[in-house]
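Residues per chain are reported as follows:
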Amino acid sequence: MKLPSRDRLVWPAVLLAGFTALALLMFGYHYLNDVANGSTATWPRRLVEETTGVYSVLLLLPLIVWVARRFRPTSNPWTVTALAWIGGAIAYTAAHTTMMGLSRVAIFHVLGLGSYDYGIMLFRYPMEASNDVVTFATIATIVTFWDRIETSRRAELEAADLKAKLAEAKLENLRLQLHPHFLFNTLNAISNVMYEDVRKADEMLAKLSDFMRLVLASSGVEHVPIDQELAIEQMYVEIMKTRLERGLQLRIHVDEAARDAQVPFMLLQPLLENSIRHGLEADRSALALGIDVARRNGSVVISVNDDGKGIAPHAARGIGLSNVESRLRYLYGDDASLSIERGASGGTQATLVFPYAGASPQ
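Residues numbered from 1 in each chain as written. Predicted model: local features only at pLDDT ≥ 70, side-chain atom pairs only at ≥ 80, totals over all residues. Heavy atoms only, no water.

I would appreciate a short explanation of helix α7 (residues 269-279) in the present structure.
Along an α-helix, residues three or four positions apart point the same way, because every turn accommodates 3.6 residues. Most of α7 is tucked away, with nine of its 11 residues classed as buried. Taken as a whole, α7 has its buried residues at Gln269, Pro270, Leu271, Leu272, Glu273, Asn274, Ser275, Ile276 and Gly279. (Buried < 20%, exposed > 50% of the residue type's maximum accessible area, 1.4 Å probe, protein only. Helix = DSSP H or I, 4+ residues; strand = E, 2+ residues; numbered from the N terminus.)

Have a look at this one:
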């Protein structure tokens, strides 16, 4: 036998406690009124009357909830809703009055309190109806507004979930764009030299293989430790050094405070590619690249710089840089930025700023 879950027992317990408290409050009110009028022996009758009156409402609560949810004002013509609620109120008050009368007669008999006189039922039903209609309408209205709030909350959660999934899909699309962009360029370079210098082509293939092995090992991971990201970028520069037959040197400096930073995977590769493409002139045989990683005011600050000829002012950003900006926007919103400017001593400096996140504890 499957036992009900704890969560499914909470609401019935809350309702029972609430209605019990209401019954005791109403008993206290009517009994103290009797005492104020000089009658002190009425407490058994008052207790039975108030508990049966309140608990019968609790038993009929599913009827009110069903009518309120089956005939919502927002889902049906107002005439249909009005007729359904009127019919529900009539059914409710008839059942409520009958249950109170029968239960009180039975309890009085069982407890030896004598017979219970509920009065002339022809008048009792319309008398109780004046209170019951108000009770029915109040509970039905509360249920209606509660359901509207819950529906709105679920819609907001679904919209947020959909937005997150859309952003995740766009982010993954950006990641998929990045790898082929670099891979095709490198394979094209290998193709150009394989018939002229087999050893060089073999060396490039070996480095590319090591690079792709490391990249694929991180496939599906959005953030990696800064050391892993820098190792990949170091390997990228080595491949480009062989491919371009230029003297590329990469200097890396990481502040101790940023040693455990987590960064978006392969975020720096387009920046290095941009520095190499714009920094090397036709007659230039070497280019010094630098990566500086720091932690400032709760943010990771990464600078990628070179000593090349520098990027032209107001130059349009290509696919690689646009990719970096889009990834930052999807990951961090307005809390991240990418700026590109001429370095203090020439060349180009690209600066990334995004919220700091340390390595997860093992």
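Explanation requested: the packing of aromatic side chains in the structure shown.
Two aromatic rings, taken as a pair, are described by how far apart their centres are and by the angle between their planes. On inspection of all chains with the given rule, the structure shows eight aromatic pairs. Both rings, one in Trp11 and one in Trp146, keep their centres 6.3 Å apart while their planes meet at 80°; by these two values the pair is edge-to-face. Of this pair, Trp11 sits in helix α1 (residues 6-36) while Trp146 sits in helix α4 (residues 121-193), placing them 135 residues apart in sequence. Exposure remark for Trp11: the relative accessible area of 54% places this residue in the exposed category. Where Tyr116 meets Tyr118, the ring centres are 6.0 Å apart and the plane angle is 40°; that geometry is what we call tilted. The ring of Tyr356 carries Arg295 above its face, with NZ or CZ at 3.7 Å from the centroid. One cation-aromatic arrangement involves Arg329 over Tyr330; the distance from NZ or CZ to the ring centre is 5.7 Å. (Phe/Tyr/Trp six-rings, centres within 6.5 Å; stacked < 30°, edge-to-face > 60°. Lys NZ or Arg CZ within 6 Å of the ring centre and 35° of its normal.)

Mind showing me how you'd approach the sheet that holds strand β6 (residues 337-342) here?
As a general point, the strands of a sheet are linked pairwise by backbone hydrogen bonds and lie either parallel or antiparallel. The strand order across the open sheet built from five strands is β2-β4-β5-β7-β6, with neighbouring strands paired in mixed fashion. In this open sheet, the two edge strands, each paired with only one partner strand, are β2 (247-254) and β6. When the angles between neighbouring strand axes are averaged without regard to direction, this sheet yields 15°. Here seven bridges tie strand β5 (residues 299-306) to strand β7 (residues 348-355), and the two strands are oriented antiparallel to one another. For Ile302, the partnering residue across the bridge sits in β7 and is Leu352. Running over the sheet, helix α6 (residues 226-244) touches β2, β4 (286-296) and β5 and is turned about 170° from β2. (Pairing = 2+ DSSP bridges. Axes fitted to C-alpha atoms, helices over the stretch in contact; angles between N-to-C directions. Contact = heavy atoms within 4.5 Å.)

Looking at this model, I keep getting lost on the nonpolar core. Mind explaining?
As a rule of thumb, nonpolar side chains are buried together in soluble globular proteins. Among the nonpolar cores identified, the biggest contains 48 residues, and Ile291, Ile302, Leu328, Leu352 and Phe354 are the most heavily contacted of them. Setting aside residues no more than four positions away along its own chain, Ile302 makes contact with Ile226, Val263, Leu268, Ile291, Asp292, Val293, Ala350, Thr351, Leu352 and Phe354. The next biggest cluster of nonpolar side chains, apart from the first, holds 20 residues, and it includes Ala23, Leu60, Ile64 and Ala68. (Core = buried A, V, L, I, M, F, W, Y, C linked by side-chain atoms within 4.5 Å.)

Would you mind going over the pattern of salt bridges with me for this structure?
Two side chains of opposite charge can pair, provided their charged atoms sit close to one another. The full count for this structure, using the stated rule, is 13 salt bridges. Residues Glu49 and Arg45 are paired through a salt bridge, measuring 3.0 Å at the closest nitrogen-oxygen approach. Placement of both Glu49 and Arg45 in helix α2 (residues 43-70) is noted, with a separation of four residues, approximately one turn of the helix. Residue classification places Arg45 among the partly exposed positions, given a relative accessible area of 32%. Close ionic contact of Glu49 with Arg46 constitutes a salt bridge, the shortest N to O distance being 3.3 Å. In this pair, Glu49 and Arg46 are both assigned in helix α2, three residues apart and thus about one turn of the helix distant. Linked through salt bridges whose partners overlap, the residues forming this network are Asp34, Arg45, Arg46 and Glu49. (Salt bridge = Lys/Arg side-chain N within 4 Å of Asp/Glu carboxyl O.)

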